[in-house]
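Each chain, letter by letter, is given below.
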Amino acid sequence: MSNAVLEQARVVARLTGTLPDGGYEEDTPIYAVDLSSPLKPEDAPDGRRQDIDLGGKLAFVIEDVLTRTECAQLIAVTEALGFRDAAPGINTPPGMRRNKTVHWIAPAASMAELFRRIAPFLPQELDGRKLSPVLSHRINTYRYDRGDEFNLHIDGDWPGFGLSPDGGRMTQWAGTQSMLTMLLYLNGVEDGLQGGSTTLYDRGELAATVTPRTGRALFFRHGSNRDSVLHAGERLTGDVPKYVARINVMYDL
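Rules and cut-offs
- Numbers given to residues run from 1 along each chain, matching the order in which its sequence is written.
- Local features in this predicted model are restricted to residues of pLDDT 70 or higher, and side-chain atom pairs are both shown and tallied only at a pLDDT of 80 or more, whereas totals for entire chains, interfaces and linings draw on every residue.
- Computation of side-chain values covers all heavy atoms of the structure but excludes hydrogens and water.
- The pairing criterion is simple: DSSP has to find at least two bridges between the two strands.
- Helix and strand assignments come from DSSP, with helices taken as H or I runs of at least 4 residues and strands as E runs of at least 2, each series counted from the N terminus.
- Each residue's exposure class comes from its accessible area (1.4 Å probe, protein chains only) as a fraction of the maximum for that residue type: buried when under 20%, exposed when over 50%, partly exposed otherwise.
- The contact criterion used is simple: two residues touch if any of their non-hydrogen atoms lie within 4.5 Å.
- As used here, the term nonpolar core means buried Ala, Val, Leu, Ile, Met, Phe, Trp, Tyr and Cys residues forming a set that is joined through side-chain atoms within 4.5 Å.

**Q** Would you explain the sheet that holds strand 11 (residues 149-153) in this entry?
**A** Hydrogen bonds between backbone atoms are what pair the strands of a sheet, whose relative direction is either parallel or antiparallel. Taken in spatial order, the five strands make up an open sheet running 6-11-18-15-16, and their pairing is antiparallel. Looking along the sheet, the strands with just one partner apiece sit at the ends: strand 6 (97-98) and strand 16 (205-210). Pairing analysis gives four bridges linking strand 15 (residues 198-202) to strand 18 (residues 230-233), with the strands arranged antiparallel. Opposite tyrosine 201, over in strand 18, you have leucine 230 as the bridge partner.

This is the structure:
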């Protein structure tokens, strides 16, 4: 798998990356990969939504977004690309983000299938803005090793990203902006994961804890507004790494 992924991978952008303990890394790469086995409709599991009570703020879980096989493939892709300390184009204060990361642009067809699976469960409109029919193709994947954590924070909002027509560079979309974070767990407690739950807060108090399970996705509001959800990634206490992907759900401007 590693050699096959690397043969298909290419760098499509280089950005300044922030490091967990402060400082920067110049020319941190963002990759594009053409998956050898893209997501297919016939493989889709039966998803289901469960809402989370956060005092009126929007947060919910969709179970079984991906199969175990699909999750394993995404883990293999990101491990082949190589995790690093620097997060390209993301600014976090020293000590907030303590994990490893790799950012990449996934194939449009696979992202379209992913959107098809979750679309029935998503809010079709937020704050007067309609749900965009595409997810951002940029996937920010994180690996947590023993002792890693992501301290309390609110996610920023983002434009959508894809590839230029020739597939050679990352492009930024016009006319859409993200409003929901999708945290897609690629493995979970059934794999021996210890710690690493996502905690959600309401008015500064712990309100919900979401346990990582393979193929489960957590959604919540983000951006600089009063509806954004304060959250944290709890410290990983065991030796099995935790893999999670952040994907942005887009709404039309």
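There is more to say, and it comes next.
**Q** How should I be thinking about unusual backbone geometry in this particular structure?
**A** Both trends apply: most residues other than glycine have a negative phi, and most peptide bonds are in trans. Even without glycine at this site, aspartate 27 takes up a positive phi of about 60°. Within the element layout of this structure, aspartate 27 appears in strand 2 (residues 24-32). On the basis of relative accessibility, which here comes to 48%, the residue aspartate 27 falls in the partly exposed class. A positive phi is found at aspartate 127, a non-glycine position, where the angle reads about 50°. Tracing the sequence through the fold places aspartate 127 in the loop between strand 8 (125-126) and strand 9 (129-135). Take aspartate 127: its relative accessible area is 56%, and that puts it in the exposed class.

**Q** In this structure, what is going on with the environment of leucine 114? I would like to understand it.
**A** Its location among the elements puts leucine 114 in helix 3 (residues 108-118). On the accessibility criterion, leucine 114 (3% relative accessible area) is buried. Spatially, the C-alpha atom of leucine 114 lies 21 Å from that of isoleucine 30, the residues being 84 residues apart in sequence. Those residues in contact with leucine 114 that lie beyond four places of it in its chain are Leu39, Val65, Leu66, Leu135, Met182 and Ile247.

**Q** Explain the nonpolar core here, please?
**A** Grouped burial of nonpolar side chains is what soluble globular proteins tend to show. Trp104 and Met182 are the most contacted members of the largest nonpolar core, which has 39 residues in total. Of all the secondary-structure elements, those providing two or more residues to this core are strand 4 (59-63), helix 2 (68-81), strand 7 (100-105), helix 3, strand 9, strand 14 (176-185), strand 17 (217-221) and strand 19 (242-252). Residues within four places of tryptophan 104 in sequence aside, it is in contact with Ile30, Tyr31, Val33, Leu35, Leu74, Val77, Thr78, Leu81, His137, Arg138, Ile139 and Thr141. Counting residues in hydrophobic clusters, the runner-up holds 29 residues, among them Ala59, Phe161, Leu193 and Val210.

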